[in-house]
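# Inside the fold
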Amino acid sequence: MFGALYAAWGVHVPSVKLHYEIGEQALAGAMLTAAGGGVLVLTRAGRIVGRFGPRSVALLGGQASAAALALLLMLPSYPLLLVAMLVFGVASGLFDVSINAEASELERRAGRPMMSGFHAMFSLGGMAGASAVGVLQRSGISPLVQLWMCGGVAALAIVWGCALMLRMPRVAAGGTGWRMPKAALLLIGALTAVGFVAEGAMYDWSVLYMRQEARADAGTAALAYASFSGAMAAGRFGGDAVRARLAPVGLLRLSAAVGGAGMAMALLAAQPVPALVGFALVGLGFANIVPVLYSAAGRVPGVMPAQGIATVSALGYLGIMGGPPLIGFVAQHSRLGLALWIVVAAASLLAAAAGPAMRFAASPSGARHGRTRDS
């Protein structure tokens, strides 16, 4: 449901732009407001999850995220949109950390890689959500009603899902609040931010790119997000098996190469079908970057899983929610197709930095285990 909520927002970025009669720069400002809320809450999210437990925090964050989404096209002014985006960012940050803390605990209990499979469900939700909104758009249902439907369904499903979560001891998922992160967490977080630039670009700009640059209709444009999320889900469902056989550095470099090539293909073609194929390659390429890094963050010695994930998430949000506004600012002064080359640059940076960063994270001073597969 977290993935479906993001899909509904991503597909309706053009609707938000039209409703409030704003340009790319103002739209980027709204995204940046959400990013600020997410980063702000993530500096305390480890402590919050530790105090109240993942179940309670996931329920609160999920419900608030669904409510903020439902209100996006009901507000009378741009300043109120910024308030809704701030709430969306804060709530999404809490939701993100709580469910990833639970996933880290389940992986620890199982004693084998599982994080890619959990993140595959986020991507599957994104594919399903974008596809469903595409069907609703083709049926003539208004964007306002679509967002109300998405928010309502998500709210009900989140209540059911949270009821099934583990009843973990609160201290086990806790933390001691924000402190200067360990160097290993800083490096993992930096790589996460770079990887999240591509995901954030797909969430926020892929549909608008299809409409403006590839000249696709609304229903076809919605498939941009669906193709990205579907390919990412497929890559993540097989990702745990890949992680068990391929070293992190090689996996990160291969992922960056595939993702960067797919983005370049979509931008150079500027046609609906090649763009959809390119977005699918971006999803496949970046599928296992974040699961590998989150799993590593949840096992840094001397740091509770929720605290490690919160720290890396806070840095990662600079990419997932700070990257899209940067793309918007560049697009305002040039064009969106040119601005999206930032994703290709991010993929290149990830490939170049993977070796040094993961070698440090796998060292005795940066990680718990000597083996590099899980580090």
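For the structure given in this document, a descriptive report is provided here.

What follows deals with the packing of aromatic side chains. The tally for this structure, following the rule as stated, stands at six aromatic pairs. Ring centres of phenylalanine 2 and phenylalanine 95 lie 5.1 Å apart, and the angle between their planes is 65°; on these two criteria the pair is classed as edge-to-face. Within this pair, whereas phenylalanine 2 is found in helix α1 (residues 2-11), its partner phenylalanine 95 is found in helix α6 (residues 78-110), the two being separated by 93 residues in sequence. Assessed through its relative accessible area of 6%, phenylalanine 95 is described here as buried. Measuring from ring centre to ring centre gives 6.1 Å for tyrosine 6 and phenylalanine 122, while their planes differ by 55°; the resulting arrangement is tilted. Of this pair, tyrosine 6 sits in helix α1 while phenylalanine 122 sits in helix α7 (residues 115-138), and the two are 116 residues apart along the sequence.

Within the structure shown, the criterion is met by five salt bridges. Across the pair glutamate 105 and arginine 109 runs a salt bridge, and its minimum N-O distance is 2.8 Å. Of this pair, glutamate 105 and arginine 109 both sit in helix α6, four residues apart, which is roughly one turn of that helix. Classification of glutamate 105 by relative accessible area gives buried; the value is 11%. A salt bridge links arginine 335 to glutamate 213, with the nearest nitrogen and oxygen atoms 3.4 Å apart. Here glutamate 213 lies in the loop between α9 (183-212) and α10 (218-237) and arginine 335 lies in the loop between α16 (323-333) and α17 (336-339), a separation of 122 residues in the sequence.

What counts and how
All residue numbers refer to position in the chain's written sequence, counted from 1. Whole-chain, interface and lining totals are the exception, using all residues; otherwise, since this is a predicted model, local features are given only for residues with pLDDT of at least 70 and side-chain atom pairs are given and counted only at 80 or more. Side-chain measures here rest on the full set of heavy atoms in the structure, leaving out hydrogens and waters. Between rings of Phe, Tyr and Trp, where Trp is taken as its six-membered ring, a pair exists when centres lie within 6.5 Å; planes separated by under 30 degrees are stacked, by over 60 edge-to-face, and by other angles tilted. By the criteria applied, helices consist of DSSP H or I runs no shorter than four residues and strands consist of E runs no shorter than two, each listed in order from the N terminus. Only protein chains enter the accessibility calculation, which uses a 1.4 Å probe; a residue whose area is less than 20% of its type maximum is buried, one above 50% is exposed, and one in between is partly exposed. For this document, the term salt bridge refers to a Lys or Arg side-chain nitrogen within 4 Å of an Asp or Glu carboxyl oxygen.

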